[in-house]
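Inside the fold
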Amino acid sequence: MKKAFITGVTGQDGSYLAELLLDKGYKVYGLTRRTSTQNFARIDHLMHNENLELISGDLIDQNSLTYPLQKIQPDEVYNLAAQSFVQTSWDQPVLTGEFTAIGVVRILEAVRLACPQAKFYQASSSEMFGKVQSVPQTEETPFYPRSPYGVAKVYGHWITVNYRESYDLFACSGILFNHESPRRGLEFVTRKIANAVARVKLGKQTHVELGNLDSKRDWGYAKDYVEAMWLMLQQDRAEDYVIATGETHSVKEFLMAACAEAGLPDWEAVYKHNSAYDRPAEVDLLIGDATKAKEKLGWEPKVRFDELVRIMVQAELEKESE
Ligand code: NAP
Ligand code: G4F
């Protein structure tokens, strides 16, 4: 039985990845942090699976990473844990650096010392491209991050490359573009919009307050993207890959499509601008070219923009109707 260790198992991607690996017959160890109230909502349905074991630890506590890895001797380690909300990274830049940047070298050190044979995945991000230097963005596009989060991810990315080159670890970095789902945190724009339009439709709220509607993102479906993570670790050689749909849409387009899906004819009546959601520095346009992933991993996104909007809005209509 293969063994996988996932940091960030309670998050959107961690929950889908745990599901995927359990389905494939893995024993899955998920790192969770102690909180005063449990936040296992995304993995509740997996809690009775005897092949899922939760391990208490934190990316800022070195021994809580090293000791479990020493004991478990996993075949694969997926580092998905991070302070992942870009807006918060301006309010808490130091904490973001601790978790999202230095956290990566802590887990890499743990792997190097405790289980150097394990294959390692780092959750890199298209936020590293920031003020984009070429369109579309590929594995060769230079980074120009625009937020403390983006800067922290650049560190995490390069330290992963460096540990691969310095210590011959099998360490891969997946440069994933935005990916969404009904399990997305409510603060991210797609879930915020999907939830709001469902509530407006059901008469539970009148409108949604948003920031910049003009920025464009390459939005995919989280379930498709965790498959790409797994595929990267099934290769003979550790390499870095862009994972994206190759399509880009503005926040306004997402809002319009979500209103249409919810049966709200006038999207402008649903929206109010609130400058509190504008960012000190914006990433205007992201669009990825995942040709390398297609050619080497055989990976392609199954869910496209319209289908993603449908999945998210219908999930919110169902939840909000309960
Ligand atoms: P998410 O839903 O915010 O989940 C983040 C996870 O990290 C949660 O399980 C959280 O635990 C955990 N975590 C945070 N700080 C931690 C710490 N100090 N120690 C241990 N665990 C900690 O994020 P996601 O959307 O699943 O994204 C997964 C990873 O991919 C992140 O690294 C993110 O930056 C990166 N990424 C995401 C996207 C995207 O579009 N979703 C794109 C590119 C890259 P709690 O539940 O306890 O908070
Ligand atoms: O949904 P967002 O907060 O995602 P963002 O900033 O693109 O970051 C996400 O994707 C990254 C990959 O590129 C990940 F690395 C990162 O962890 C995260 O998952 O914002 C998307 C866009 C931004 O341009 C933002 O300014 O939506 C715009 N926006 C407009 N109004 C808003 C809002 N974003 C949020 N969260 N809330 C608003 O009210």
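Residues numbered from 1 in each chain as written. Chains lettered and ligands numbered in written order. Predicted model: local features only at pLDDT ≥ 70, side-chain atom pairs only at ≥ 80, totals over all residues. Heavy atoms only, no water.

1. Describing the overall build of the chain
Put simply, the test is: Only DSSP runs of H or I reaching four residues or more are called helices, and only runs of E reaching two or more are called strands; each is numbered from the N terminus. For this measure, only C-alpha atoms enter the radius of gyration; the expected value for a globule follows 2.2 Å times N^0.38, where N is the number of residues. Buried means the residue's accessible area, taken with a 1.4 Å probe over protein chains only, is under 20% of the maximum for its type, while exposed means over 50%, and partly exposed covers the values in between. Here, two residues are considered to be in contact whenever any of their heavy atoms come within 4.5 Å of each other.
From N to C terminus, the chain includes 11 helices and 13 strands. Rg of the C-alpha trace for the chain: 19 Å, near the compact-globule value of 20 Å for 322 residues, within the 12% margin. With respect to the principal axes defined by its C-alpha atoms, the chain has extents near 55 × 45 × 40 Å. Per-residue burial over the chain gives 57% buried out of 322 residues. In the chain, once contacts between residues fewer than 6 apart in sequence are set aside, the share between residues at least 24 apart is 81%.

2. Some words on the state of the cysteines
Covalent bonding between the sulfur atoms of two cysteines is what defines a disulfide. Rules: Count a disulfide wherever a pair of cysteine sulfur atoms falls within 2.5 Å.
In the structure shown here, the tally under the stated rule is 0 disulfides. Between Cys172, a free cysteine, and Cys115, which holds the nearest cysteine sulfur, the sulfur-to-sulfur gap is 15 Å.

3. Examining the site of ligand 1
The test is simple: The criterion for a residue being near a molecule or strand is simple. One of its heavy atoms has to lie within 4 Å of it. Within 3.5 Å is the distance limit for a polar contact, defined as a pair of N or O atoms, with the added protein rule that one can donate a hydrogen and the other accept it, and that residues adjacent in sequence qualify only through two side-chain atoms. Areas reported here follow the Shrake-Rupley algorithm with a probe of radius 1.4 Å; residue values treat only the protein chains shown as occluding. Classification convention: Asp, Glu, Lys, Arg as charged; Ala, Val, Leu, Ile, Met, Phe, Trp, Tyr, Cys, Pro as nonpolar; all other residues, Gly among them, as polar.
Taken together, 24 residues lie around ligand 1, and Thr10, Asp13, Arg33, Ser84 and Tyr149 are the ones closest in. One of the backbone nitrogen or oxygen atoms of Gly8 is found 3.3 Å away from an oxygen atom of ligand 1. Interatomic distance of 2.9 Å between a backbone N/O atom of Leu59 and a nitrogen atom of ligand 1. A total of 900 Å² of accessible area belongs to ligand 1 in isolation, and the protein chains cover 91% of it. Secondary-structure elements contributing two or more residues to the shell around ligand 1 are helix H1 (12-23), strand S5 (119-125) and helix H5 (148-167). Residue composition of the shell around ligand 1, grouped by class: 9 nonpolar, 10 polar and 5 charged.

4. Topic: the domain arrangement of the chain
We count it as follows: Note that domain bounds follow an automatic or database assignment of domains. Salt bridge, as used here, is a side-chain nitrogen of Lys or Arg placed within 4 Å of a carboxyl oxygen of Asp or Glu.
In terms of domains, the chain is made up of domain 1 (3-179 + 220-243) and domain 2 (183-217 + 247-321). Distance from the C-alpha centre of domain 1 to the C-alpha centre of domain 2: 24 Å. Counting from both sides, the interface comprises 39 residues of domain 1 and, opposite them, 30 residues of domain 2. Between domain 1 and domain 2 we count 5 salt bridges in total. Between Glu239 and Lys292 there is a salt bridge, with the nearest N and O atoms lying 3.0 Å from each other. Contributing elements (two or more residues each) for the side of domain 1 that touches domain 2: H1, strand S10 (220-221), helix H7 (222-232) and strand S11 (241-243). When residues in the side of domain 1 that touches domain 2 are grouped by element, the largest group, 6 residues, is from H7. Residues that form the side of domain 1 that touches domain 2 fall into these classes: 17 nonpolar, 13 polar and 9 charged.

5. Structural notes on the sheet that holds strand S3 (residues 52-56)
Here is the rule: Criterion used throughout: strands pair if DSSP finds at least two bridges between them. Angles run from 0 to 180 degrees between N-to-C directions of axes, and those axes are lines fitted to C-alpha atoms, restricted for helices to the stretch in contact.
Read from one edge to the other, the open sheet built from 7 strands follows the order S3-S2-S1-S4-S5-S6-S11, with strand pairing classed as parallel. This sheet does not close on itself; its edge strands, each paired only once, are S3 and S11. When the angles between neighbouring strand axes are averaged without regard to direction, this sheet yields 20 degrees. As paired strands, strand S6 (residues 170-176) and S11 are joined by 3 bridges and run parallel to one another. When the sheet's bridge partners are listed, Gly174 is paired in S11 with Tyr241. Packed on one face of the sheet, helix H2 (residues 62-72) meets strand S1 (3-7), strand S2 (27-32), S3 and strand S4 (76-79) and runs near 170 degrees to S1. The strands that H5 touches are S5 and S6; relative to S5, the one it contacts most, it runs at about 155 degrees.

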